[in-house]
Structure formats: C-alpha cells, structure tokens
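# Examining the three-dimensional arrangement
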Amino acid sequence: MSTTPSSPTPTSPEASHARSIVFLGRERSPIFVTESTRLPTTLAPGQVLVLVELATICGWDVQTLSGTLLGGTPSRGTTADDHPCVLGHEGCGVVVRSHREGVSVGDRVTWGICAPCGTCLPCSLHLNNKCTSVVKLGQTLVSSVALFGTYSTHLLCLPNTPIVALPPDLTPTLAAPINCALATMVNALSKLPPTPTPGQPGASVALVQGAGLMGVYCLALLKERGFRKVFCVDLSRTRLARAAEFGAVALHPDNEEELIQTDSVDVVFEVCGNKQNAVEVARSGQFLRVAVNPQL
Ligand SMILES: [Zn+2]
Ligand SMILES: [Zn+2]
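Residues numbered from 1 in each chain as written. Chains lettered and ligands numbered in written order. Predicted model: local features only at pLDDT ≥ 70, side-chain atom pairs only at ≥ 80, totals over all residues.

### Some details on the overall build of the chain
When helices and strands are counted, the chain shows seven helices and 15 strands. Expressed as a percentage of its 296 residues, the buried residues of the chain come to 37%. A separation of at least 24 residues holds for 61% of the contacts in the chain among residues at least 6 apart in sequence. (Helix = DSSP H or I, 4+ residues; strand = E, 2+ residues; numbered from the N terminus. Buried ≥ 20, exposed ≤ 12 C-beta atoms within 10 Å, placed from the backbone. Contact = placed C-beta atoms within 7 Å.)

Given below as structure tokens:
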C-alpha cells in the first residue's frame, strides 16, 4: 500500500499558505470568513515572517467588533465598499523567514503594533502611533497589506515593524499580551516622577481602579517601583483576589469600612472607565486614565 505525503499544515514551519480569520465588517453576514493566503517565498528588506504562537483579544478588537472604536476601522460600514482586514495585534510567535539583520529563523519574538514611516514630524517626536502614514496591525486592509493581523497562522512584519526577542522560557500565555497591555502600562508609569526613598516626601501611595489585566500589570509595576501601598478596587471579588496576589490592598465597594478616605492617595490609575470615584480620592497628585474608551 502506498501513501501520499500529506502537505504541511498551516502551522508547520514548511507551510506554503497561511490561514487567516478575515473580518468583513460588523454588519456583514457572515462577519468572519477564513481565507488561505500564499506565503511569500522571498521577503523584502526588513520584512520578517512569523508563525503566530498565540494571539490575545484586546479591547481594541472588541471595540472594532462593537463599532465603538474611535477613529473607525477599515472594516466598518454596511456598504459594498467595506474592506476586509485581519484583526488582532497582540501576540507572540516564532520567526520562520527573515530579511532583517539581527532577526533569525527560530527566534521567539513579539512586535510593535504600529509600523511608522520614520521620517514625518510625529515620527521625529517619537510619536510612532501618530505617524501620518502609520500602518496599524490588525486595522489594515488585506488588499493593502497581506497577513497584517494576528488572528492568522502567520504575520508578515513590515520593515518598520519593531521586533523584540522573547526569553525562551517565557510561555506564550505570558508573552502574548505584553506588546500592547503591558507596554501601555510601562509607558503610563514612565510619566510618574521618581519614587521617593522611604522617609522622603513624594508619591508612594497609589490607587488602581480596575483589576483586569491592565490593572494587575499596573499594580505589579507600581509595587516593583517601590510604592509603599497600592490599593486596588473592583466589583469582582475574583479579580480582587488576583490583585492581592500581586501585592495590592484589595477593596470592594460593598465593604465600606475598607474604603479609603478622600484625598488619601498620591497617584490614581483609572483603567476601568469610572472616572468620578477615582478623582474623589486623589489628593493633589496625579490622575492617569489608561486604555479607557474616552466615550465612557
Ligand atoms: Zn491591544
Ligand atoms: Zn511617520
């Protein structure tokens, strides 16, 4: 009996095609289709082809699907002019082809969400996401740039897509959200003044409002930075228990005796969309809203 060799699956390093979930538009039927795309056999200088290990769902993707993303998305609308795209920007993967110095086949990597031009005024100010010709991962027409979303077996990083090597022992579950959620929080904390040494004046008490992934990243970073006390408030006791594992003083609104006093914290991070409560407890310190839909 003879056997026919099976062709490589889309997730094998030898695959000839990628499989992608293509978003057609929120009011289309079906909303998604699965498409097969031939992988490039040669890459342009700077391009890197990645086999996606894991992609996570960001609030940005959810807002695209719900139609609430400010600034729109290429796939929104209801007319025949809708343009499909591959959603997803968070993730990690393994390099399967590279035409970039310093990036090799087999490297485990994550990537930047924006591919900036590098020459316009916002780019000169290091505001890559405000680049006048930015190409955003997960928000780009498939007719414009192929394989530029992470809800796909493969991602084709553009020449200006930042690529960061990952430690080999960092699991995909831990690695996938760091290029968006963790990066956002690291940037937000970079706006704070230096944390004072014990006994010296300065910001050392913080409140994190919201104990989702962003909130947990935030409080963990604050503790690592030396904040003496980090309160965390959320309606979910399950989430609060997780926050406590990372060093937070967990507060639930139902437990009034636990609630902190007005004018009692130096820095407030509001990451869930309830601005009012956060402002009331802040003394004359800083108030930062991070990754919250401004419509909330
Ligand atoms: Zn994201
Ligand atoms: Zn630019």
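Still to come is the rest of the account.
### Focus on the nonpolar core
Val208, Cys218 and Cys232 are the most contacted members of the largest nonpolar core, which totals 68 residues. Residue contributions to this core peak at eight residues, all from helix H5 (residues 213-224). Taken domain by domain, the makeup of this core includes at least three residues from each of domain 1 (17-179) and domain 2 (187-289). Among residues more than four places away in sequence, those in contact with cysteine 232 are Val208, Ala211, Gly215, Leu219, Leu240, Ala243, Ala248, Val249, Ala250 and Leu251. (Core = buried A, V, L, I, M, F, W, Y, C linked by C-beta atoms within 7 Å. Domains from an automatic or database assignment.)

### Comments concerning helix H1 (residues 59-66)
Residues Trp60, Asp61 and Thr64 constitute the buried set of H1. The buried residues of H1 occupy an angular sector of 100 degrees when projected down its axis, which confines them to one face. (Arc of directions from axis to C-beta.)

### Some remarks on helix H4 (residues 181-189)
For an α-helix the count is 3.6 residues per turn, leaving residues at separations of three or four pointing the same way. Looking only at H4, the buried set comprises Ala181, Leu182, Met185 and Leu189. An end-on view of H4 places all buried positions within 95 degrees of arc, on one side of the element. Next to the buried residues of H4 lie H5.

### Considering the environment of alanine 115
Along the chain, alanine 115 turns up in strand E7 (residues 114-115). Residue alanine 115 is classed as buried on the basis of its 24 C-beta neighbours within 10 Å. Residues alanine 115 and leucine 158 lie 43 residues apart in sequence; the distance between their C-alpha atoms is 6.8 Å.

### Concerning the sheet that holds strand E6 (residues 108-111)
Pairing is antiparallel across the open sheet formed by five strands, whose spatial order is E9-E3-E5-E6-E10. The two strands at the open ends of the sheet, each matched to only one other strand, are strand E9 (154-157) and strand E10 (163-165). Strand-to-strand, the axes of this sheet are offset by a mean angle of 40 degrees, without reference to chain direction. Alignment of strand E3 (residues 48-56) against strand E5 (residues 90-98), held across eight bridges, turns out to be antiparallel. For threonine 56, the partnering residue across the bridge sits in E5 and is glutamate 90. (Pairing = 2+ DSSP bridges. Axes fitted to C-alpha atoms, helices over the stretch in contact; angles between N-to-C directions.)

### Considerations on the packing of H4 against H5
Here H4 crosses H5 at 45 degrees, and the two axes come no closer than 9 Å. Taken together, H4 and H5 sit at an angle that is classed as oblique. Considering how the two elements wind past one another, H4 and H5 form a crossing that is right-handed. Where H4 approaches H5, its residues Ala181, Leu182, Met185, Val186 and Leu189 are matched on the opposing element by Leu213, Met214, Tyr217, Cys218 and Leu221. By residue class, the composition of the contact of H4 with H5 is 10 nonpolar, no polar and no charged. (Parallel < 35°, antiparallel > 145°, perpendicular 65-115°, else oblique. Left-handed = near helix turned anticlockwise from the far one by under 90°. Nonpolar A, V, L, I, M, F, W, Y, C, P; charged D, E, K, R; others polar.)

### Description of unusual backbone geometry
Omega for the peptide link from serine 29 to proline 30 comes to 0 degrees, which places this bond in the cis form. The backbone of histidine 126 sits at a positive phi, close to 65 degrees, despite the residue not being glycine. Relative to the elements of secondary structure, histidine 126 occurs in the loop between helix H2 (121-124) and strand E8 (135-136). A residue is classified by how many C-beta atoms lie within 10 Å of it, and histidine 126, with 8 of them, is exposed. The backbone phi angle of leucine 147 is positive, close to 55 degrees, even though this residue is not glycine. Within the secondary structure layout, leucine 147 lies in the loop between E8 and E9.

### A short note on the confidence of the model for the chain
In low-pLDDT regions, the fine details of the predicted coordinates are not to be read closely. For the chain, the mean per-residue pLDDT works out to 84, and 80% of the residues sit at or above 70. The secondary structure element of the chain with the lowest average pLDDT is strand E15 (residues 282-289), at 55, and the one with the highest is E6, at 98. Across residues 1-5, confidence stays below pLDDT 50; counting only partners more than four residues off in sequence or on other chains, it has zero contacts. (pLDDT = per-residue confidence, 0-100.)

### Side note on the sheet that holds strand E4 (residues 85-86)
The three strands are arranged E2-E1-E4 in an open sheet whose pairing can be described as antiparallel. Of all strands in the sheet, those with a lone pairing partner are strand E2 (32-38) and E4, marking the two edges. Two strands pair when backbone bridges link them, and strand E1 (residues 17-23) and E4 are joined in this way by two bridges, in the antiparallel orientation. The residue bridging phenylalanine 23 from the neighbouring strand is cysteine 85, located in E4.

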